[in-house]
Amino acid sequence: MSEVDDLVARIAAQLQKSGNTSSASTSAGTSTGSEKELGPADYPLYQKHPEKIKTPTGKNVDEITLENVVNGKVDSKDMRITPATLKLQGEIAANAGRPSIQRNFQRASELTSVPDDVVLDLYNSLRPFRSTKQELLDTAKELREKYNAPICAHWFEEAAENYEVNKKLKGDN
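Residues numbered from 1 in each chain as written. Predicted model: local features only at pLDDT ≥ 70, side-chain atom pairs only at ≥ 80, totals over all residues. Heavy atoms only, no water.

Novice: Give me the overall build of the protein: which residues, what numbers.
Specialist: Within the protein, the regular secondary structure consists of 8 helices and 0 strands. Tracing the protein from N to C terminus, the helices and strands come up as α-α-α-α-α-α-α-α. Buried residues in the protein amount to 35% of all 173 residues. Across the protein, contacts joining residues at least 24 apart in sequence account for 59% of those joining residues at least 6 apart. Just so you have it, the protein exposes about 10400 Å², and 50% of that area is on carbon and sulfur atoms. (Helix = DSSP H or I, 4+ residues; strand = E, 2+ residues; numbered from the N terminus. Buried < 20%, exposed > 50% of the residue type's maximum accessible area, 1.4 Å probe, protein only. Contact = heavy atoms within 4.5 Å. Areas by Shrake-Rupley, 256 points an atom, 1.4 Å probe, with all protein chains shown as cover.)

Novice: Residues and numbers for helix α8 (residues 150-165), please.
Specialist: Spanning 16 residues, α8 covers 23 Å between terminal C-alpha atoms, matching the ideal 22 Å at 1.5 Å per step. Of the residues making up α8, those classed as buried are C152, A153, F156, A159, A160 and Y163. An end-on view of α8 places all buried positions within 110° of arc, on one side of the element. Lining the buried residues of α8 we find α5 (99-111), α6 (116-125) and α7 (133-146). Just downstream of α8 lies K167, where phi reads positive at about 55°. (Expected span 1.5 Å × (residues − 1). Arc of directions from axis to C-beta.)

Novice: Would you mind going over the packing of aromatic side chains in detail, with residue names and values included?
Specialist: Taken as a whole and judged by the stated rule, the model has 0 aromatic pairs. R107 extends its terminal NZ or CZ atom over the ring of W155, reaching a point 4.6 Å from the ring centre. (Phe/Tyr/Trp six-rings, centres within 6.5 Å; stacked < 30°, edge-to-face > 60°. Lys NZ or Arg CZ within 6 Å of the ring centre and 35° of its normal.)

Novice: Let's hear about the pattern of salt bridges: which residues, and what values?
Specialist: Taken as a whole, this structure holds 9 salt bridges when the rule is applied. With a shortest N-O distance of 3.5 Å, E135 and K170 are connected by a salt bridge. Here E135, found in helix α7, pairs with K170, found in the segment after α8; they are 35 residues apart in sequence, far enough to count as distant. Look at E135 and you get partly exposed, because its relative accessible area is 33%. (Salt bridge = Lys/Arg side-chain N within 4 Å of Asp/Glu carboxyl O.)

Novice: Would you mind going over the nonpolar core in detail, with residue names and values included?
Specialist: Ranked by internal contacts, the top residues of the largest apolar core, which has 18 residues, are V114, L122, L136, L143 and F156. Of all elements in the fold, only α6, α7 and α8 reach the threshold of two or more residues within this core. The greatest single-element share of this core, amounting to 6 residues, is contributed by α8. The residues contacting L136, other than those within four sequence positions of it, are S125, L126, S131, F156, A159, A160, Y163 and L169. In this structure, L45, V61, L88 and I92 belong to the second largest nonpolar core, which totals 6 residues. (Core = buried A, V, L, I, M, F, W, Y, C linked by side-chain atoms within 4.5 Å.)

Novice: Any details on unusual backbone geometry? Residues and values, ideally.
Specialist: Backbone geometry follows two general trends: most residues other than glycine have a negative phi, and most peptide bonds adopt the trans configuration. Cis geometry is found at the peptide bond from Y43 to P44, where omega equals -5°. Among the structural elements, P44 can be located in the loop between α1 (2-18) and α2 (45-48). Within the chain, F129 stands out as a residue other than glycine whose phi angle is a positive 70°. Here the phi dihedral of K167 falls at roughly 55°; this positive angle occurs in a residue that is not glycine.

This is how it looks when you write it as structure tokens:
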């Protein structure tokens, strides 16, 4: 029951902070396309375009209410962000002249399909002296083939090359 209690407390705090008693705002998901490109005027997305945001289970953002949490109509899966929402956030960033932030959102959108425990392992494997070059390349292959995450895979391939040049691979210390 503690997970539900924590969720209810967070939603209640967000409702109090926003002054909105009908629904909690969240960036949990979105539809797959947009009719026009989004830019800085569209930020924050959940306030300017709540209709574009969907949860991973397809709920509208206005369905994320304290009442629906308490009644079990909204669960923890509904509180996760979707790849489509991250891509829209990236579109806003790119059109605001922030391409590096867009790339971060693209990587994040790929990681939504990767289990949480694997994501933690990925971050640990990128720490200096934690992985061999082959382990990093194997991780890149797994990201590309198992999780359809080519951007993240390329990141690991770059890390393998850079760690080799900079003597940051396992065994170099």
